[in-house]
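# Secondary and tertiary structure notes
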Amino acid sequence: MWTASVLTLFPEMFPGPLGASLAGKALDAGLWSLDAVSIRDFATDKHRTVDDTPAGGGPGMVMRADVLAAAIDGTRTPGDDRPAYYLSPRGTPLTQSLARELAAGPGILLLCGRFEGIDERVIEGRNLQELSLGDFVLSGGEIAAMAVIDAAVRLLPGVMGAEASGAEESFEQGLLEYPHYTRPQEWEGHVIPEVLTSGNHAKIAAWRREQAERITRERRPDLSVKRNQTER
Ligand code: SAH
């Protein structure tokens, strides 16, 4: 079964939002599993210390390499070939294509940092890749880990209701999604675009495509450029 192991100082944060709605129902149904590992359980001194002051000075605390390595080694059993990531603002940004790749694999191991971050030696010593949620700084890796897991889990077989929903979503074709409407037909004087109630499926598809292209061009010219390059 697709399994996410999350190494964290705050295991009580999980499943949190992953326990509700789509991901939560799938979790209850046994379509994936979640293993929140307490890093503190791997501390060895009597105060169960997980961090220490930064070498070279400066503010804050750094999570210790020995404790983190013990937590990783205690979680990754021999033969476990799940990719292992350290959530970090320095990492490669999470994308929909990575979410697809992760969903197609055996699961994921995620290490959540806190404080100033983790001892650099663990990243190489345990072969961690660095993965970022975006160009901003969170106070810990947990929310980023939840985002990564959510993006992958909704793509697992049987998790999303309609088989097709997913293929047409934002980013799947290098496009942001077209606008959605539902009843009431008229709301505060605004009506649903006529084409959508015409019953003409070819026209509807063409309209949606046009809208998706327009929105992508206006809001994310970077995506438009990438798409044009791959289509050429
Ligand atoms: N001093 C670090 C930030 C530490 S924030 C720096 O300047 O890069 C504390 C923890 O939050 C990090 O160890 C990381 O696990 C997590 N985190 C913060 N921002 C993140 C982001 N954009 N993506 C993923 N994880 C993030």
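In what follows, the accompanying structure is described. Here the structure is a predicted model, which means the values were calculated and not measured.

## Side note on the site of the ligand
Taken together, 20 residues lie around the ligand, and Tyr86, Leu87, Glu116, Phe136 and Leu138 are the ones closest in. Within the backbone of glycine 113, one N or O atom sits 3.0 Å away from an oxygen atom of the ligand. At a separation of 2.9 Å, a nitrogen atom of the ligand approaches a polar backbone atom of glutamate 116. Notes on the ligand: free accessible area 560 Å², of which the protein chains cover 84%. More than half of the atoms of the ligand fall within 2 Å of the grid points belonging to the second largest pocket. Among the secondary structure elements, those contributing two or more residues to the shell around the ligand are strand 5 (84–93) and strand 7 (129–132). Of all the elements, strand 5 adds the most residues to the shell around the ligand, at four residues. Considered class by class, the residues forming the shell around the ligand number ten nonpolar, eight polar and two charged.

Cut-off values and rules
- Residues numbered from 1 in each chain as written.
- Predicted model: local features only at pLDDT ≥ 70, side-chain atom pairs only at ≥ 80, totals over all residues.
- Heavy atoms only, no water.
- Near = heavy atom within 4 Å.
- Polar contact = N/O pair within 3.5 Å; in protein donor to acceptor, adjacent residues only side chain to side chain.
- Areas by Shrake-Rupley, 256 points an atom, 1.4 Å probe, with all protein chains shown as cover.
- 1 Å grid on protein atoms, 1.4 Å probe; cavity = no way out; pocket = protein on both sides within 12 Å on 5 of 7 lines; lining within 4 Å.
- Sits in = over half its atoms within 2 Å of the grid points.
- Helix = DSSP H or I, 4+ residues; strand = E, 2+ residues; numbered from the N terminus.
- Nonpolar A, V, L, I, M, F, W, Y, C, P; charged D, E, K, R; others polar.

Any link to function would need more than the numbers given here.
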